[in-house]
Amino acid sequence: MMPPGPGRGVSPMLPLAYLVTATAAFVVAALAVPWLAPELAGHYYQPSVLALTHTVTLGWITLTIMGASYQIVPIVLGRPIWSERVARWQLALTATGVVGLVGHFFIGQWSGLLWAAGLVTLGVGLHLVNALLSVRGLASWTFTARLVALAHVGLALTTLFGLLLGLDKVVRFLPGDLFPNLHAHVHLALLGWVLPMVIGVAARVYPMFLLAREPAGWPGRVQLWGLGLGVPAVVVGILASPGLLPAGALAVAAAVLAHVAWVRDMVRGSRRPSLDWGLRFVLTGALALVPATGLGVALALDLLAGPRVALAYAALAFGAWASLTIAGMLLKIVPFLVWYRVYGPRAGREPVPSLPDLGWPAAERLSWALLTVGFATLAGALALGEPAGIRAAGLLVAAGALAFAVTLARVLHHLMPCARRATVAPARRVGAA
Amino acid sequence: MITASSNLGQLLDEHPGLVEVLAGCHDHFARLRNRTLRRVMAPRVTVGQAAAVAGVPVADLVATLRRAVGEPEGAPTTTAPPIVGGPGPRPAELDRLQAVEVDVREDIRRGEEPFARIVAAAKALGEADALVVRAPFEPVPLYDVLGRRGLAHWTEQLAADDWRVWFHRGAAPPAPVSPTAAPADAAALDVRGLEPPLPMVRVLERLDALAPGDTLTVLHERRPMFLYPQLDARGFRHETDEPEPGLVRIVIRRAQP
């Protein structure tokens with residue numbers, strides 16, 4: 001018999017703390033979009049746009065992935081987290097660093113960026129140490145384990161690159177022009193950190209929720225090789241060797257399409273009678289990968305160019321794909337964590353509510369509609385550079401983010417003792433044989 | 001020549017138009033219009049077994065099919081292959097076995113193929129387990145398929161569209177020891193295919209009935225990292241292994257007082 005694991009599960013309050021912080025960042029970023037519409041209609045290299053970008057990438061996406069990984073990684077890799085205490089320090093350092101970073105970007109004080117970037121680097125460093133020690137001795141390097149490892153290499157490089165870019169603002173020492181360095185940093189984050197993490201975890205988590213067989217076969221190899229070779233080629237291509245960029249972009253595109261093919265197969269093989277809103281968010285996000293990838297490849301091949309297209313590409317990649325996917329995952333993860341914290345100890349001893357009893361489908365549907373239409377419209381308006389269109393789309397995104405936050409707040413209120421008593425009484429018994 | 005032992009899959013490959021003929025014979029056969037069900041189920045069924053599933057006389061069904069493809073109707077109809085086990089009084093040993101239920105009524109209602117799920121559960125069956133299949137019709141083809149795995153069966157019809165079939169080791173020839181064989185006093189619970197947190201709920205619901213020293217063997221798709229702390233908190237010991245890829249077995253034992 002293999003050991004059952006130390007039996008010390010992570011307290012659900014740890015990932016919840018990350019996810020609540022990240023959701024707050026999402027709401028702040030979404031509310032800022034209509035407000036920053038005139039700036040977004042111009043060039044992306046402006047203090048307020050950089051502040052908005054880091055609110056999304058660090059505050060929303062990275063904190064969510066870090067927090068979710070403390071719930072999901074033990075499940076998909078079958079390993080407990082090495083240290084919960086380190087993870088708590090990591091949240092405090094990273095969140096403080098992100099606030100400092102965003103604030104200094106916004107006011108355009110480059111010198112103040114350094115301490116904030118240093119805090120973020122420290123927080124990310126703790127995450128990497130925790131992740132490394134958690135997977136130490138892992139018996140089987142599955143598809144998911146490999147992509148999670150690749151993602152953490154991407155996170156380390158992205159953070160280091162970001163710190164160097166911050167230092168370069170104070171003491172100019174980096175070779176090359178500003179924009180290639182900036183583009184390489186963005187693509188390390190998007191393709192080297194977020195993409196492998198999401199598609200690696202998706203291979204284990206989507207079948208769990210879709211009640212489908214786990215995917216297998218050649219698309220997995222395409223994803224591994226496509227990202228393993230394509231991402232370095234894209235980054236090196238941007239920085240130093242433009243000839244590598246098209247090949248790298250095509251390799252990453254192949255990996256993305258293989259992932260989309262897997263998602264399609266899982267949906268076809270799903271045994272669920274219907275999709276809940278969390279899954280609809282996730283699947284809409286997967287669909288958005290197709291235009292985002294198309295735009296990325298077109299930029300890499302010089303078929304399209306300019307800051308307007310680049311901003312539209314960012315809206316599709318970080319908004320329509322990453323944000324919808326992450327929001328969908330949160331609609332699955334947060335109810336589970338709350339249920340586990342509040343009702344897990346009572347399960348089997350007394351009637352407890354089911355996960356759907358904790359949710360609010362009407363608000364989830366509203367959020368899905370507003371965010372889906374909002375991100376699609378935002379990408380179009382950014383491409384056109386129309387401030388009025390950007391403001392209108394931004395209002396949709398902001399309303400969608402607020403509806404999403406309200407949905408999560410309703411789930412979270414079960415953590416309050418008064419809410420538990422009110423819910424348990426009329427609830428049906430879950431899972432009776 | 002079509003006979004009771006003709007394979008339905010081959011027949012439909014050669015004469016695709018027979019799907020509509022079969023659907024016209026009985027509502028049960030209308031499911032064969034579903035391409036997935038037809039591809040998966042039909043090759044495993046003989047005409048005689050299909051007649052038994054639908055509750056129509058074998059000779060009538062054979063004659064109808066022959067008429068549809070232009071064969072003479074008067075030729076003799078051979079009987080279907082013998083079926084392992086069968087109806088009769090309820091075997092007493094079923095009371096001693098731990099039921100591992102696989103309910104496929106919803107799968108079939110949605111037009112999905114339940115065969116792989118049933119066979120997976122049969123493969124994971126311990127010596128002290130009985131596989132209980134709930135289906136909306138009598139799953140006659142399973143008698144043969146699982147009979148070849150050494151499982152006898154006993155069938156109950158609970159309602160017009162609700163059948164419960166117990167598959168057990170019984171007097172059937174001994175089968176190779178399952179990789180998931182559990183101790184003789186063990187209860188078994190298969191939580192594969194359930195959406196979280198239902199696997200955990202199902203397990204926790206079974207724990208109260210566990211006497212000191214008794215074991216509950218849980219079959220899972222992954223290591224239940226969030227279940228372990230609950231087991232620890234409730235004073236249960238547990239061991240986990242992975243007898244085959246994709247199958248995780250957790251043996252839970254109530255600690256002796």
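What counts, and where the lines are drawn
Residues numbered from 1 in each chain as written. Chains lettered and ligands numbered in written order. Predicted model: local features only at pLDDT ≥ 70, side-chain atom pairs only at ≥ 80, totals over all residues. Helix = DSSP H or I, 4+ residues; strand = E, 2+ residues; numbered from the N terminus. Rg over C-alpha atoms; globule rule 2.2 N^0.38 Å. Buried ≥ 20, exposed ≤ 12 C-beta atoms within 10 Å, placed from the backbone. Core = buried A, V, L, I, M, F, W, Y, C linked by C-beta atoms within 7 Å. Contact = placed C-beta atoms within 7 Å. Domains from an automatic or database assignment. Nonpolar A, V, L, I, M, F, W, Y, C, P; charged D, E, K, R; others polar. Axes fitted to C-alpha atoms, helices over the stretch in contact; angles between N-to-C directions. Parallel < 35°, antiparallel > 145°, perpendicular 65-115°, else oblique. Left-handed = near helix turned anticlockwise from the far one by under 90°. Pairing = 2+ DSSP bridges. Expected span 1.5 Å × (residues − 1).

Peer 1: Is there a simple way to explain the overall build of chain A in this structure?
Peer 2: The number of helices and strands found in chain A is 15 helices and zero strands. Computed over the C-alpha atoms, the radius of gyration of chain A is 21 Å, within 12% of the 22 Å expected from 2.2 N^0.38 for a compact globule of 433 residues. Each principal axis of the C-alpha distribution contributes one length, and for chain A these read about 65 × 50 × 45 Å. Looking at chain A as a whole, 52% of its 433 residues qualify as buried.

Peer 1: In this structure, what is going on with the nonpolar core? I would like to understand it.
Peer 2: General note: in soluble globular proteins, nonpolar side chains tend to be found buried as a group. Judged by nonpolar contacts, the single largest core of 216 residues is most densely connected at Ala315(A), Leu316(A), Val334(A), Leu378(A), Leu382(A), Val397(A) and Leu131(B). The element that contributes the greatest number of residues to this core is helix α11 (residues 307-342) of chain A, accounting for 26 residues. What Leu316(A) contacts, discounting residues up to four positions off in sequence, is Ala288(A), Pro291(A), Ala292(A), Leu295(A), Trp321(A) and Ala379(A).

Peer 1: Looking at this model, I keep getting lost on the domain arrangement of chain B. Mind explaining?
Peer 2: Interfaces are often sized by the accessible area lost when the parts come together. Residue and element names in this part refer to chain B. With domains assigned, chain B is organised as domain 1 (8-69), domain 2 (92-123 + 131-168) and domain 3 (186-254). Here the C-alpha centre of domain 3 lies 23 Å away from the C-alpha centre of domain 2. Contacts between domain 2 and domain 3 engage four residues on the former and four residues on the latter. Broken down by secondary-structure element, the contributors of at least two residues to the side of domain 2 that touches domain 3 are β1 (98-103) and α7 (115-123). In the side of domain 2 that touches domain 3, the residues fall into two nonpolar, one polar and one charged.

Peer 1: Explain the packing of helix α4 (residues 84-107) of chain A against helix α5 (residues 110-134) of chain A here, please?
Peer 2: The description of two helices packed together rests on the angle between their axes and the distance between the axes. All names here are of chain A. The interhelical angle for the contact between α4 and α5, taken along N-to-C directions, is 155 degrees, at an axis separation of 7 Å. Comparing their axes, α5 and α4 come out roughly antiparallel. At the point where α4 passes α5, the crossing takes the left-handed sense. Here the residues of the contact of α4 with α5 are counted per class, giving 16 nonpolar, ten polar and no charged.

Peer 1: Explain the packing of helix α6 (residues 143-170) of chain A against helix α7 (residues 178-210) of chain A here, please?
Peer 2: Residues and elements named next belong to chain A. Between α6 and α7, the shortest axis-to-axis distance is 8 Å and the interhelical angle comes to 160 degrees. The angle between the axes of α6 and α7 places the two elements in the roughly antiparallel class. Considering only the axes of α6 and α7, their crossing is left-handed. Partitioned by chemical class, the residues of the contact of α6 with α7 number 18 nonpolar, eight polar and one charged.

Peer 1: Quick question: what am I supposed to make of the sheet that holds strand β2 (residues 129-135) of chain B here?
Peer 2: Sheet strands pair via backbone hydrogen bonds, and the direction of the pair is either parallel or antiparallel. Residue and element names in this part refer to chain B. Within the open sheet, the four strands sit side by side as β1-β2-β4-β3. Their pairing is mixed. Strands at the two margins of the open sheet, each flanked by one partner only, are β1 and β3 (152-159). Taking the axes of each pair of neighbouring strands and ignoring which way they run, one obtains an average angle of 20 degrees across the sheet. By the bridge criterion, six bridges tie β1 to β2 in an arrangement that is parallel. Its bridge partner lying in β2, Val-102 is registered against Val-133. In this fold α7 packs onto β1, β2 and β4 (162-168), with an angle of close to 165 degrees to the strand it touches most, β1.

Peer 1: Just checking my understanding: could you explain the environment of Asp357(A) for this structure?
Peer 2: Residues and elements named next belong to chain A. Structurally, Asp-357 is set in helix α12 (residues 355-358). Using a count of 17 C-beta atoms within 10 Å as the deciding quantity, one classes Asp-357 as partly exposed. Along the chain, Asp-357 and Leu-150 lie 207 residues apart, while their C-alpha atoms are 37 Å from each other.

Peer 1: How do you make sense of unusual backbone geometry when you look at a structure like this?
Peer 2: Trans is the prevailing form of peptide bonds, just as negative phi is the prevailing case for residues other than glycine. With an omega of 5 degrees, the peptide bond between Pro196(B) and Pro197(B) qualifies as cis. With respect to the secondary-structure elements, Pro197(B) resides in the loop between β5 (186-190) and α9 (198-207). Phi at Leu211(A) is positive, roughly 55 degrees, even though this residue is not glycine. With respect to the helices and strands, Leu211(A) occurs in the loop between α7 and α8 (218-239). For Leu211(A), a count of 15 C-beta atoms within 10 Å puts it in the partly exposed group. Backbone geometry at Asp302(A) places phi at a positive 65 degrees, although glycine is not the residue there. Mapped onto the elements of the fold, Asp302(A) is located in the loop between α10 (277-300) and α11.

Peer 1: Explain helix α13 (residues 361-384) of chain A to me, please; I cannot follow it from the model alone.
Peer 2: An α-helical segment advances 3.6 residues per turn. Residues three or four places apart therefore align on the same side. For α13(A), built from 24 residues, the straight-helix expectation of 34 Å at 1.5 Å per residue is met to within 8% by its first-to-last C-alpha distance of 34 Å. Residue Gly385(A) follows α13(A) closely and has a positive phi angle near 70 degrees.

Peer 1: I'm lost on α10(A) in this one. Help?
Peer 2: Under the 1.5 Å per step criterion, the end-to-end length of α10(A) is 34 Å for 24 residues, consistent within 8% with the ideal 34 Å. One or two positions beyond α10(A), positive phi appears at Asp302(A), with a value near 65 degrees.

Peer 1: I tried to follow the environment of Gly389(A) on my own but got confused; where do I start?
Peer 2: All names here are of chain A. On the secondary structure map, Gly-389 appears in helix α14 (residues 387-412). Put simply, Gly-389 and Ala-379 are ten residues apart on the chain and 9.9 Å apart in space, counted from C-alpha to C-alpha. Look past the residues within four positions of Gly-389 in its chain and what remains in contact with it is Ala-381 and Leu-384.

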